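Analysis of the macromolecular model
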Amino acid sequence: MQSQRERREVRPRAGWTVMGKGVAGPSALEVGKILVLFLCLFPSVSLQCKILKCNSEFWASTSSSGPEEEFCTALRAYNNCVRRTARTCRGDLAYHSAQHGIEDLMSQHNCSKEGPTTQPRARTPAPPPPPQLQPDSQERSDGPEQCHYERSLPRHSSPPNYTHCGFFGDPHLRTFSDDFQTCKVEGAWPLIHNKYLSVQVTNTPVVPGSSATATSKLTIIFKNFQECVDQKMYHAETDELPAAFADGSKNGGDRHGANTLRIVDKVPGQHVEIHARYIGTTIVVRQVGRYLTFAVRMPEEVVNSVEDRDNQDLYLCLHGCPANQRIDFRTFRDRAVEGHSLVKSRTGSQSHGFTYQAAMAKCKERLPVEDLYFQSCVFDLLSSGDINFTMAAYYAFEDVKMLHSNKDKYHIFEKDAFGSNAAPRGSDMFSLVLLNCLSMLLWIECCWVHL
């Protein structure tokens, strides 16, 4: 972005960690509180690695106005508690975030890692401060110029180019460059990771023993930005699609431009939208059946505002799924077309009563155009048998129509997605033939020399 849009410096570590050193003293506790909320979002953590127990003990014994030495003592005890959970929590996102959060707090408070770790007695919570008069809602919603993406651009500059990424079904990915892929990607994967926000999904098997997966958890972190918004986190998972951020708020916090980040509950428990006007971004999260879908509209400038280009290969919305995680559903479909009865799913069992013709008919009800959204619907019905995937593909296309800036690119057809890959293969074959010819000529020349 332009120089006037440079945000407060927050240098995230490699990976998913987004907590950094603040420039002011009070931000340390704010970072810690966000960490606490983050840890509370994972019930599996509380059952397995007991991070929540470490967390609650730490915050029960600290105070924003307490002596620095006492805070450091509690922080060292917290660090020891987290380290004891290493064996059961090593692969957990919350565990690694806790580690980095503790390091940041120790640095900000100049705490030594060596020293007493006796846990102080829990403090009596201080009485809440008296309510302050809130500024007029119109004043808050307007905010500074830099909190409105398009207003902050230089005058007479060309309009921003908005791009779209979508992730839905078993799972299918439409990248910011309009590539369409079907992927495996089981487990936690980053969809977006740039200077302004990070998005991570967790995909779980649809059928036990199958490579068919779908999104069961989604976490979005909006990083603090100038006078506009505090750092905020949104977390959704199956049967829990909240209409608020993790701290219970519905906007960007207490800063002057806070309302340039807000959550809108469109259909309770089914459809949430997050509008981040300060970066020109709209996010749509839905629950369809038992799984989540994700769609985003984002300016190209924000899309490419990566902080570490060497570690962006797994940014799925930008680069697509890794080659070893992609599925060529044409092969699966061709096998289905060849069969005249029930086809077999990827588990090897029959696909829950759907013939290829029946899957086609069901998807046609919602997706009359036989584009890749229609094809993905058929693929999902055959591979999982879950009829809800019909609606997942339908809503994914509805989100395209709402978020994509070019109506001529709403539909992606098989020839567009796979035809472009055929040319490089033909070019590679020509290059290989040419190389073989050159090698043969060199071999003949060497023979003549020896003769």
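Throughout what follows, the structure given in this document is the object of discussion. No experiment lies behind these values; they were computed from the predicted model shown. Along each chain, residues carry numbers from 1 onward, in the same order as the chain's sequence is written. For a predicted model such as this one, the threshold for reporting local features is a pLDDT of at least 70, and the threshold for listing and counting side-chain atom pairs is 80 or more; totals across whole chains, interfaces and linings nevertheless cover every residue. The side-chain figures draw on all heavy atoms in the structure; neither hydrogens nor water molecules are used.

**A look at helix H14 (residues 388-403)**
Runs of H or I in DSSP of at least four residues are treated as helices and runs of E of at least two as strands, each being numbered from the N terminus. To estimate how far a helix should extend, the number of its residues minus one is multiplied by 1.5 Å. Here H14 is 16 residues long and its end C-alpha atoms lie 22 Å apart, about the 22 Å a rise of 1.5 Å per residue gives. For each residue, the accessible area found with a 1.4 Å probe, counting protein chains only, is set against the maximum for its type, and the residue is called buried under 20%, exposed over 50%, and partly exposed in between. Among the residues making up H14, those that are buried are Phe389, Thr390, Ala392, Ala393, Tyr394, Ala396, Phe397, Asp399, Val400 and Leu403.

**Points about the sheet that holds strand S5 (residues 197-205)**
The criterion for strand pairing is that DSSP finds at least two bridges linking the strands in question. Read from one edge to the other, the open sheet built from four strands follows the order S4-S5-S6-S7, with strand pairing classed as antiparallel. At either margin of the open sheet sits one strand with a lone partner, and together these are strand S4 (187-193) and strand S7 (232-237). Here the strands of the sheet are splayed against their neighbours by 20° on average, with no regard to which way each runs. Relative to strand S6 (residues 213-222), S5 is paired through nine bridges, and the arrangement is antiparallel. When the sheet's bridge partners are listed, Pro205 is paired in S6 with Thr213. Geometry is summarised by axes, namely lines fitted to C-alpha atoms with helices restricted to the contacting stretch, and by angles between N-to-C directions that run from 0 to 180 degrees.

**Comments concerning the state of the cysteines**
Put simply, a disulfide is two cysteine sulfurs that come within 2.5 Å. Within the structure shown, the criterion is met by five disulfides. With a sulfur-sulfur separation of 2.0 Å, Cys72 is cross-linked through a disulfide to Cys111. Between Cys72 and Cys111, the S-S torsion sits near -70°, and that sign places the bridge as left-handed. Here Cys72, found in helix H4 (residues 68-84), pairs with Cys111, found in the loop between helix H6 (93-108) and helix H7 (137-142); they are 39 residues apart in sequence, far enough to count as distant. The disulfide partner of Cys165 is Cys317, and the gap between their sulfur atoms is 2.0 Å. Note on the Cys165 and Cys317 pair: the S-S dihedral is about -75°, so by sign convention the disulfide is left-handed. Taken together, the positions of Cys165 in strand S1 (residues 162-168) and Cys317 in helix H10 (residues 316-319) put the pair 152 residues apart, joining distant regions of the chain. The exposure classification of Cys165 matches that of Cys317, with both residues buried.

**Re the packing of helix H12 (residues 356-364) against helix H13 (residues 372-384)**
Taken N-terminus to C-terminus, the directions of H12 and H13 make an angle of 130°; their axes are 9 Å apart at the nearest point. Classified by the angle between their axes, H12 and H13 sit oblique to one another. As H12 packs across H13, the resulting crossing turns out to be right-handed. Two secondary-structure elements touch here, H12 through Tyr356, Ala359, Met360, Lys362, Cys363 and Lys364 and H13 through Phe374, Cys377, Val378, Leu381 and Leu382. In this count, Pro and Cys sit with the nonpolar residues alongside Ala, Val, Leu, Ile, Met, Phe, Trp and Tyr, while Asp, Glu, Lys and Arg are called charged and the others, Gly among them, polar. In the contact of H12 with H13, the residues fall into nine nonpolar, no polar and two charged. Here roughly perpendicular refers to angles of 65 to 115 degrees, roughly parallel to angles under 35, roughly antiparallel to angles over 145, and oblique to all remaining angles. A clockwise turn of the near helix away from the far one marks a right-handed crossing, whereas an anticlockwise turn of less than a right angle marks a left-handed crossing. Any two residues having at least one pair of non-hydrogen atoms within 4.5 Å are treated as being in contact.

Function-wise, these values are silent; they only describe arrangement.
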